[in-house]
Amino acid sequence: MKSKVGKLCCYVFAIIWGLITIFPLYITFLSSVKDNQGINLGMFKLPVKWLWSNYTAAFNSAHIGQAVINSISLGIMSTVIVTAVGMLAAYVLSRKRFKLKSIIYSLFLVGVMVPVHCTIIPISSLATGIGGRNSYWFLTLVYAAFNLSQAIFLFTGYLNEVNKELDEAAIIDGCNDFQLLFRVLTPVSLPIISTQAILTFVYGYGELIFAMILLSDERKYTISRAMLSFSGGYQQQLGPIFACIIFAVLPMIILYVLFHEKVQSGMLSGAVKG
Amino acid sequence: MLFKEKERIFLRHRKVNEKIIIVTFLMPALVLFFGLIVYPVCNTVFLSFHSWKGVYGAAKDFVGLNNYGKVLSSESFWNAMLNSVYFMIGGFVILMPLAFGLALLITSRLKGTKLMKTAFFMPVMLSTTAVALMWVYILNPSYGAANTILRAMGLDALCREWLSTPTLNVWCVVLVNEWMYAGYNMLIFAAGLVAIPDSLYEAAEIDGCSRWKKIRYISIPLSKESFKIFSVLCVTGCLKAFDLIWAMTKGGPNHTSETPATLLYNEAFTFKSFGKSSAIGVVLLVMGVVLSLLMNRLFKKEEI
């Protein structure tokens, strides 16, 4: 009897937190298909008329589609760079022997601790110096740099666990280092690569502070940067703003629904290194 | 003889080759790392001793510890520190118990734990500004859902201008922060809980322990590693709090809800005092390192 009450309490707690989790999204969605009057009537009420035109308005006026595409491409580019550069470094750090190896490895580890904010001024001047303002290649490199430490840490750890007999077999078959890394070891490391890829992508998609500093051209705004301009709250029509929010979170929700196990384990391995 | 000579040349050749491989494979990572992390950090330290108005190529005057003096004696800096202390208090008083409770839930033998886990974790995935914006509108004093709910419950007296009342606005952001990261920290605790062997719980059950006692004497003490990870992440994360507060209040009204990171940003890109801003950056960096070492030490001491 007692344990039944306990169980019930647990379920109630779970349901309440679940509702709290879903609640903002639900409200946002409802508001995204209302006009101002409908929103003023109460955010909870179902809309009297479903105004899907808010979505087209969001698309046309706020360049939100462009911003989503910008964010996604930044996420993808940083992911590609982090993966490639990280795998190259991790391969050397796990398979070769040389003098400075442990120093270089621990250097990368320390890099995880550096707070982003300590670097914004020099990075901003650097961008001015080499023409990196409003350009994605520079932003991509910045994102990659801040994800690299962790990638190298995870990749090296994983490669160390991969049996070295695999290398020997490949070398006997005449593989050089490039082939060994890209034909043999990369496919074997796909689990950890996908984990890191998700981490980097999520970071690149939502990153705010560098996007604020380095991007001033509205057409190049990422989704985080683009949405900042709404928080002033002087807009006439609220509905399209909510539609924009929905657009912004949609790619992430899709990614999450598709790969939630992977995302969860990935985020976790990102935390435990600290 | 000839054969040995050939072998030696071959080996030397290989060694050179090996070195080339090592250097070329490491080079991209090192360039990125030194160019965009090590150099900027050193440059920030350098700038923190100089006065510079941010004009590209303009002279930087050495001013010694002046910037640090100005920062540490300014009221706004300590106000910002106080706000990040609020973030920490919120983290340890609200987020930690909540996340641990959720972790107990999803590792229990209840039905639907997988669904719970998936649902609870989701907020972390949404980008911070989107989350911030959602809550800004929910907390809007005139049509926001927060005040609507309060009015519906007859608690009109509790309705507030959530994001423009000093201190209250910081706590609102703190709570949104907890909303966003509860699921994430839940996973950290859950990873620790899963690692506790079932046999311990079974033994406790035989000894007649209640559910609460099992949590108190097995789950919590054996999750020490998770608590350590949480503490380090929480403290360093709170020092760095930027995105949410920026997107929700921009540090305002009248700088009441600044955190050190927004202050740093404002000093640099609004007031163009790059030296002062760099000094804040260095203070943050040092504090982050000191606090994480302190946390590690704290948890080690308890072990003995």
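Quick note: structure is the one above.
Residues numbered from 1 in each chain as written. Chains lettered and ligands numbered in written order. Predicted model: local features only at pLDDT ≥ 70, side-chain atom pairs only at ≥ 80, totals over all residues. Heavy atoms only, no water.

Undergrad: Go over the pattern of salt bridges, please, and point to the residues and values.
TA: With the rule as written, the count across this model stands at eight salt bridges over all chains. Among the salt bridges present, the one from A:D177 reaches A:K96, with a minimum N-O distance of 2.7 Å. Taken together, the positions of A:D177 in helix α9 (residues 177–188) and A:K96 in the loop between α4 (64–95) and α5 (101–111) put the pair 81 residues apart, joining distant regions of the chain. Like A:K96, A:D177 is buried. Between A:E261 and B:K114 there is a salt bridge, with its nearest N and O atoms 4.0 Å apart. Remark: B:K114 occurs in helix α4 (residues 113–121) and A:E261 occurs in helix α13 (residues 239–272); the pair is interchain, linking two chains. For A:E261, a relative accessible area of 45% gives the class partly exposed. (Salt bridge = Lys/Arg side-chain N within 4 Å of Asp/Glu carboxyl O. Helix = DSSP H or I, 4+ residues; strand = E, 2+ residues; numbered from the N terminus. Buried < 20%, exposed > 50% of the residue type's maximum accessible area, 1.4 Å probe, protein only.)

Undergrad: How would you explain the nonpolar core if you had to name every residue and give the values?
TA: If you look at the biggest cluster of nonpolar residues, it comprises 191 residues, and the most contacted ones within it are A:F210, A:M267, B:F120, B:F121, B:M125 and B:M248. Each residue touching B:F121, except ones within four places of it in the same chain, is listed here: A:Y256, A:V263, A:Q264, A:M267, B:G183, B:Y184, B:M186 and B:L187. (Core = buried A, V, L, I, M, F, W, Y, C linked by side-chain atoms within 4.5 Å. Contact = heavy atoms within 4.5 Å.)

Undergrad: Summarise the packing of aromatic side chains; cite the residues concerned and give the values.
TA: Counting across every chain of the model gives 31 aromatic pairs over all chains. Note on A:W52 and A:Y55: the rings are 5.9 Å apart at their centroids and 35° apart in plane angle, and the pair reads as tilted. By way of ring pairs, the aromatic residues B:W52, B:F242, B:W246, B:Y265, B:F269 and B:F274 are connected into one cluster. The lysine or arginine in question, A:K220, covers the ring of A:Y136, its NZ or CZ lying 5.9 Å from the ring centre. Sitting over the face of the ring of B:Y217, B:R216 holds its NZ or CZ atom 4.9 Å from the ring centroid. (Phe/Tyr/Trp six-rings, centres within 6.5 Å; stacked < 30°, edge-to-face > 60°. Lys NZ or Arg CZ within 6 Å of the ring centre and 35° of its normal.)

Function cannot be inferred from these measures alone, as they are strictly geometric.
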